[in-house]
Amino acid sequence: MYKIGLTGGIASGKSTVVSMLRQYGAAIIDCDIIARDVVLPGSDGLRAVVRTFGTQALLDDGTMNRAYIGSVVFNNPAKKEELENILFPLIRQEIRTQIAQLEKAGEAVVFLDMPLLFEVKYQSYVNEVWLVYVDAATQLTRLMARNGYTKDEALARIRSQFPIDKKRSLSQVIVDNTASLEKTEEQVKAAWNQLLLRMDKR
Ligand code: ATP
């Protein structure tokens, strides 16, 4: 299976590009959903989190207390690593399972929709990376508009990720989503058609 990582910065337009790719018939694995599902109530993942972080890691309704876990791992690299050592293998396993299912269904290419691909070091797992790029000013404006954040709140979230220009230099295909949706769609369509040609030649 040929694996493509699809990533970007916060509010750069990944969901917008994913919905375009879905319309062309691309197979896409949503890694955010997987990351949520591995700690659903009753899951091995959530049990392991509670063993490590205590029952405070649970809310009354049995779901994971994300605010508590977030406060424990914030600025505590050792705790963050403990959490990642629980979650990452489960996420990797589920990604592998979904890839195997798609392969069985006859798919030759899959996109891994993974907002934090570089942050979790998945670039060597995939064959190439597509980055949805926006310039810094547009990213700030769109994030403030979409989430109702003040400028400082939006900047804090943008700065908690790898800088988008660094991600850009590590990616093989760039979709620049700074301008109109039409301009973005032209680029996505062209990149998709190129991909199909490349796959045919393999
Ligand atoms: P996140 O990872 O933060 O969830 P994302 O990268 O998936 O975000 P989107 O939700 O697709 O980003 O886009 C961010 C916001 O910008 C949305 O409100 C979307 O409607 C808007 N947007 C995306 N592309 C464009 C565009 N080309 N022109 C104008 N607005 C856009």
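For the structure, see preceding data.
Once a new chain begins, its residue numbering starts again from 1 and follows that chain's sequence as written. Restriction of local features to residues with pLDDT of at least 70 applies here, the model being predicted, together with a cutoff of 80 or more for giving and counting side-chain atom pairs; totals for whole chains, interfaces and linings are based on all residues. Each side-chain value is worked out from all heavy atoms of the structure, with water and hydrogens disregarded.

Enquirer: Lay out the pairing of strand β1 (residues 2-8) with the relevant residues and their values.
Expert: Where burial is concerned, most of β1 is hidden: seven out of the seven residues are buried. Throughout, exposure labels follow a simple rule: accessible area from a 1.4 Å probe, protein chains only, divided by the maximum for the residue type, with under 20% read as buried, over 50% as exposed, and the rest as partly exposed. Strands are runs of DSSP state E lasting at least 2 residues, helices are runs of H or I lasting at least 4, and numbering of each runs from the N terminus. With burial as the criterion, each face of β1 is covered, one bearing Y2, I4, L6 and G8 and the other bearing K3, G5 and T7. With five bridges connecting them, β1 and strand β3 (residues 109-113) associate as parallel partners. Each residue of the ladder has a partner; that of L6, found in β3, is D113. DSSP bridges decide pairing: two strands pair if at least two such bridges lie between them. With five bridges connecting them, β1 and strand β4 (residues 128-133) associate as parallel partners. From the neighbouring strand, G5 faces β4, where its bridge partner is V129.

Enquirer: Let's hear about the nonpolar core: which residues, and what values?
Expert: In summary, soluble globular proteins display a tendency toward joint burial of nonpolar side chains. Counting residues in each nonpolar core, the largest one holds 30 residues, and the members touching the most others are V49, F53, I69, L87 and I95. Those elements that place two or more of their residues in this core are α2 (31-37), α3 (44-53), α4 (66-73), α5 (77-104) and β3. Among the elements that take part in this core, α5 stands out by supplying six residues, more than any other. Should any heavy atoms of two residues lie within 4.5 Å, those residues are counted as being in contact. Setting aside residues no more than four positions away along its own chain, L87 makes contact with V38, V39 and V49. We define the nonpolar core as a collection of buried residues of types Ala, Val, Leu, Ile, Met, Phe, Trp, Tyr and Cys that are connected through side-chain atoms lying within 4.5 Å of one another. Core analysis: the next-biggest nonpolar cluster, separate from the first, contains 21 residues, Y24, A26, F111 and W130 among them.

Enquirer: Could you give an account of the layout of surface pockets, with specific residues and numbers?
Expert: Here a cavity denotes grid points, spaced 1 Å and computed from the protein atoms alone, that fit a 1.4 Å probe unable to get out, and a pocket denotes an open set having protein on both sides within 12 Å along at least 5 of 7 lines; residues with an atom within 4 Å of a point are the lining. Grid points are joined across faces, edges and corners, and a volume is the space filled by probe spheres set on the points. Looking at the largest pocket, its volume works out to about 2,000 Å³. Taken together, 46 residues line the largest pocket, and the ones lying closest to its centre are D32, A35, L116, V120 and Q161. Those elements that place two or more of their residues in the lining of the largest pocket are α1 (14-24), α2, α4, α5 and α6 (136-147). The leading source of residues in the lining of the largest pocket is α5, at eight residues. In this structure, the second largest pocket occupies an estimated 220 Å³ of space. Taken together, 13 residues make up the lining of the second largest pocket; nearest its centre are A136, Q139, I158, P163 and I164. Secondary-structure elements contributing two or more residues to the lining of the second largest pocket are α6, α7 (151-159) and α8 (164-169). Side-chain classes are defined by residue name, with Ala, Val, Leu, Ile, Met, Phe, Trp, Tyr, Cys and Pro counting as nonpolar, Asp, Glu, Lys and Arg as charged, and the others, Gly among them, as polar. Among the residues making up the lining of the second largest pocket, the classes are represented as eight nonpolar, three polar and two charged.

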